[in-house]
Amino acid sequence: MRTPAILAACLALIAATLAWATAAALTATDAWVRVTPGAGVAAAYLTLHNGGTEPVSIVGVRSPLASMAMIHETRLIGTQSTMRAREELVVAPGATVRFAPGGLHVMLHDLSQTLKAGDEVPLVLLLKGGATLAVTARVRPLASE
Ligand SMILES: [Cu+2]
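A.B. asks: Got a sec to walk through the pairing of strand E3 (residues 56–62)? Specific residues and values, please.
C.D. replies: When E3 meets strand E6 (residues 89–91), the two strands line up antiparallel, connected through three bridges. Along E6, the bridge assignment pairs Ile-58 with Leu-89. Both E3 and strand E9 (residues 120–127) contribute to a ladder of four bridges, which runs antiparallel. When the bridges of E9 are listed, Ile-58 appears paired with Leu-127.

Structure (structure tokens):
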């Protein structure tokens, strides 16, 4: 009975192809980091574009320079600015999602080194299905918007 083995191999191949397709469809540009001196945390911003025909879900972020990284969203509730974690961020086919001060950002906690303008911060976006997208963000001076 060889069919199950062949079927399993086919499914594995399809899964691998889907994961690759997902990663290739999502592109990240304009990645940068704003540091607050002495805070031990920093916010990273970037622009995501889904050039594919399927939604792409981002389910996590990692950085070798931070012990913890997560997607946050800043919202104004009344006059109070609050941040909350986004467990999953879906980028629709053809959509562009812009992370920017006052909105979506990647929060970097417990930085392992002091960041200064011009430094590069590697980020890895974890996509649903197991694919990843590596991005390099450059540190900009504090006054940047
Ligand atoms: Cu935050």
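A.B. asks: Could you give me a rundown of the nonpolar core, with the residues and numbers involved?
C.D. replies: Ala-44, Leu-46, Val-106, Leu-123 and Ala-137 are the most contacted members of the largest nonpolar core, which has 28 residues in total. For this core, the elements supplying multiple residues, two or more each, are strand E1 (26–35), strand E2 (42–50), E3, strand E4 (66–77), strand E8 (104–111), E9 and strand E10 (132–140). In contact with Ala-137, other than residues within four places in its own chain, are Ala-31, Trp-32, Val-33, Ala-44, Leu-46, Val-121 and Leu-123.

The rules we used
Along each chain, residue indices are assigned from 1 in the same order as the chain's sequence is written. Local features are withheld for residues below a pLDDT of 70 in this predicted model, meaning they are given only at 70 or higher, and side-chain atom pairs are given and counted only at 80 or more; totals for whole chains, interfaces and linings count all residues. Two strands make a pair as long as DSSP finds a minimum of two bridges between them. Each helix is a run of H or I in the DSSP string that is no shorter than four residues. Each strand is a run of E no shorter than two, and both are numbered from the N terminus. What makes a nonpolar core is a set of buried Ala, Val, Leu, Ile, Met, Phe, Trp, Tyr and Cys residues, with links drawn between C-beta atoms within 7 Å. Residue burial here comes from a neighbour count, namely the number of other C-beta atoms, placed from the backbone, that lie within 10 Å of the residue's own C-beta, with 20 or more meaning buried, 12 or fewer meaning exposed, and in between meaning partly exposed. This entry defines residue contacts through backbone-placed C-beta atoms, with two residues in contact when those atoms are within 7 Å.

On their own, these measurements won't tell you what the molecule is for.
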